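Examination of the molecular architecture
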Amino acid sequence: MGPGERELLLTAYLYLGDVDAAAPLYIDMLDNPAERNEMLLWAQKDRRLEPMPGIAGYRRTFDAMVARPDVQAALQKHGRVLEWDIYLGLE
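As a starting point, this report considers the structure included with it. This is a predicted model, so every value here is computed, not measured.

Attention now goes to helix 5 (residues 69-78). By the burial criterion, the buried members of helix 5 are V71, A74, L75 and H78. Down the axis, helix 5 shows its buried residues gathered within 100 degrees of arc, on one side only. Away from its buried face, by an angle of more than 90 degrees, helix 5 presents the exposed residues P69, Q76 and K77. Its buried side turned inward, helix 5 meets helix 2 (19-31), helix 3 (33-43) and helix 4 (53-67).

Under the defined criterion, the tally for this structure stands at three aromatic pairs. Considering the side-chain rings of Y26 and F62, the 6.0 Å spacing of their centres and the 90 degrees angle between planes classify their relative orientation as edge-to-face. Here the residue Y26 occupies a position in helix 2, and F62 occupies one in helix 4, the gap between them amounting to 36 residues. Per residue, the accessibility class of Y26 equals that of F62, and both read buried.

With that settled, the discussion passes to the pattern of salt bridges. Taken as a whole and judged by the stated rule, the model has five salt bridges. The partner of K77 in a salt bridge is D31, and the shortest N-O contact between them spans 3.7 Å. You can see K77 sitting in helix 5 and its partner D31 sitting in helix 2, a full 46 residues away along the chain. D70 serves as the salt-bridge partner of R68, at 2.8 Å between the closest nitrogen and oxygen. Judged by relative accessible area, D70 falls into the partly exposed class, the value being 33%. Because the salt bridges share partners, they merge into one network encompassing R6, D28 and E35.

One can find T61 in helix 4. The contact partners of T61, leaving out residues within four places of it in the chain, are L14, G17, D18 and V19.

Here is what the cut-offs are and how they apply
Residues numbered from 1 in each chain as written. Predicted model: local features only at pLDDT ≥ 70, side-chain atom pairs only at ≥ 80, totals over all residues. Heavy atoms only, no water. Buried < 20%, exposed > 50% of the residue type's maximum accessible area, 1.4 Å probe, protein only. Helix = DSSP H or I, 4+ residues; strand = E, 2+ residues; numbered from the N terminus. Arc of directions from axis to C-beta. Contact = heavy atoms within 4.5 Å. Phe/Tyr/Trp six-rings, centres within 6.5 Å; stacked < 30°, edge-to-face > 60°. Salt bridge = Lys/Arg side-chain N within 4 Å of Asp/Glu carboxyl O.

None of this, on its own, says anything about what the molecule does.
Below, the structure is given as structure tokens:
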């Protein structure tokens, strides 16, 4: 499975609300140098617009996944998560 396919699978897990399936895949993608930068970008915290109903569940699942200790350890191993008080539009 290529990087684009793995990103699509991760997105599907997040939309389904399956944190337990998403977290190991996200960690594996962080461990892969070809996918790491994109996964670190996903974790950055910028000012967000009020979510539309279709993405609200996805955001809750993503936030729950990132809060897991195993995901936090992987993020700290490969980079850091910054908080921006501006809207970067990275979603």
